[in-house]
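For reference, the chains in residue letters:
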Amino acid sequence: MDTAAITSAWVAGWTVSRGTPPAVVEPWGYRIDVGQPRHVLRHVLPHPDAVSVRKLCEAVTEPYAWLKVMAAPEEVAPWITEGWTVPDDPGFMMTKRLDPAARPAPPDGYARTTETRDGVIRVRILAPDGTLAARGQIAPTGATAVADRIETDPAHRRRGLGANVMRTLEAAAAQAGAETGVLAATTEGMALYDSLDWYYRCPLTGIVRNG
């Protein structure tokens, strides 16, 4: 998959995962009306450049509007105008060939649930006391599926729960017909995804209009 295909797949799956309206195709990429208080909308640019980013920064005035661009922060920083900042940890687009059999049992003492609702597969791992220890979700959209909101409670880290959630999501998405997984990783998440044979494809930088 090239950058344009990865971006298209990510946008399609992300909108399903987050329950937003479908993305609108724009000359520069995609617009998603997210509708959250601190995330009003996002523009996604698969092939950003100084001209397109600067034009969007000048045209978009809503506080907490976001641009998501497939470029590194140091490349993007000179393009933005006053009122915009690059607050996020660097992001990394990653992909993986999905395996329908990759579904190991949870660690001893933990219980796992899997449910599908509104096109999103959700996995939760509960601790022995019944509290939520880890979770994640994945949205299959045809041949691709976007993994999203992968979280492990700090008290339960270093026990393989994140890997268990991911393997379970990958298998479920593959069984639903998806062949390739796509996700946007943070710096912290890179180690987990790398250990699970996800491959880095391109940088991702978030830019936000100040509130």
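It should be noted that the structure appears before, not after, this text.
Reference entry: report on the structure contained in this document. Note that the coordinates shown come from a computational prediction; the quantities given were computed from them, not determined experimentally.

Structural notes on the pattern of salt bridges
- Enumeration according to the criterion identifies nine salt bridges in this entry.
- Here Arg-18 and Asp-148 are joined by a salt bridge, their closest N and O atoms 2.6 Å apart. Here Arg-18 is found in helix α1 (residues 3-18), whereas its partner Asp-148 is found in strand β10 (residues 144-152), with 130 residues between them in sequence.
- On the basis of relative accessible area, Asp-148 is assigned to the buried category, the value being 9%.
- Taking the shortest distance from any N to any O, the salt bridge between Asp-33 and Arg-31 comes out at 3.5 Å.
- Judged by its relative accessible area of 35%, Asp-33 falls in the partly exposed class.
- Because the salt bridges share partners, they merge into one network encompassing Glu-26, Arg-31 and Asp-33.

With respect to the layout of surface pockets
- Here the largest pocket is characterised by a volume of approximately 1100 Å³.
- Surrounding the largest pocket, 37 residues form its lining, Ile-150, Thr-186, Glu-188, Gly-189 and Tyr-193 being those nearest its centre.
- For the lining of the largest pocket, the secondary-structure elements that each account for two or more residues are α1, β4 (65-69), β10, α4 (161-175), β11 (180-185), α5 (187-195) and β12 (199-209).
- In terms of residue count, β10 provides more of the lining of the largest pocket than any other element does, six residues in total.
- Of the residues in the lining of the largest pocket, the class split is 15 nonpolar, 10 polar and 12 charged.

Focus: the packing of aromatic side chains
- By the definition in use, this model includes two aromatic pairs.
- Measuring from ring centre to ring centre gives 6.1 Å for Phe-92 and Tyr-200, while their planes differ by 65 degrees; the resulting arrangement is edge-to-face. Of this pair, Phe-92 sits in strand β6 (residues 91-97) while Tyr-200 sits in strand β12, placing them 108 residues apart in sequence.
- Of note, Arg-42 hangs over the ring of Trp-14, and the distance from its end group to the ring centre comes to 3.9 Å.

Some thoughts on the environment of Ile-138
- Here Ile-138 lies in strand β9 (residues 132-141).
- Sequence separation between Ile-138 and Gly-119 is 19 residues, and the spatial gap between their C-alpha atoms is 8.9 Å.
- Excluding its chain neighbours within four sequence positions, the residues that come into contact with Ile-138 are Gly-119, Val-120, Ile-121, Ala-145, Val-146, Ala-147, Leu-169 and Ala-173.

Considering α4
- Along its 15 residues, α4 runs 21 Å from first to last C-alpha, staying within 8% of the 21 Å computed at 1.5 Å per residue.
- Counting buried residues in α4 gives 12 out of 15 residues, a clear majority hidden from the surface.
- Taken from the residues just after α4, Gly-177 is the one with a positive phi, measuring 110 degrees.

Here's the deal with the side chain of Thr-20
- In this fold, Thr-20 is placed in the loop between α1 and β1 (24-26).
- On the basis of relative accessibility, which here comes to 14%, the residue Thr-20 falls in the buried class.
- Non-local contacts of Thr-20, meaning those with residues more than four positions away in its chain, are made with Trp-14, Thr-15, Ile-32, Asp-33 and Val-34.

The rules behind these values
- Residues numbered from 1 in each chain as written.
- Predicted model: local features only at pLDDT ≥ 70, side-chain atom pairs only at ≥ 80, totals over all residues.
- Heavy atoms only, no water.
- Salt bridge = Lys/Arg side-chain N within 4 Å of Asp/Glu carboxyl O.
- Helix = DSSP H or I, 4+ residues; strand = E, 2+ residues; numbered from the N terminus.
- Buried < 20%, exposed > 50% of the residue type's maximum accessible area, 1.4 Å probe, protein only.
- 1 Å grid on protein atoms, 1.4 Å probe; cavity = no way out; pocket = protein on both sides within 12 Å on 5 of 7 lines; lining within 4 Å.
- Points joined across faces, edges and corners; volume = space filled by probe spheres on them.
- Nonpolar A, V, L, I, M, F, W, Y, C, P; charged D, E, K, R; others polar.
- Phe/Tyr/Trp six-rings, centres within 6.5 Å; stacked < 30°, edge-to-face > 60°.
- Lys NZ or Arg CZ within 6 Å of the ring centre and 35° of its normal.
- Contact = heavy atoms within 4.5 Å.
- Expected span 1.5 Å × (residues − 1).

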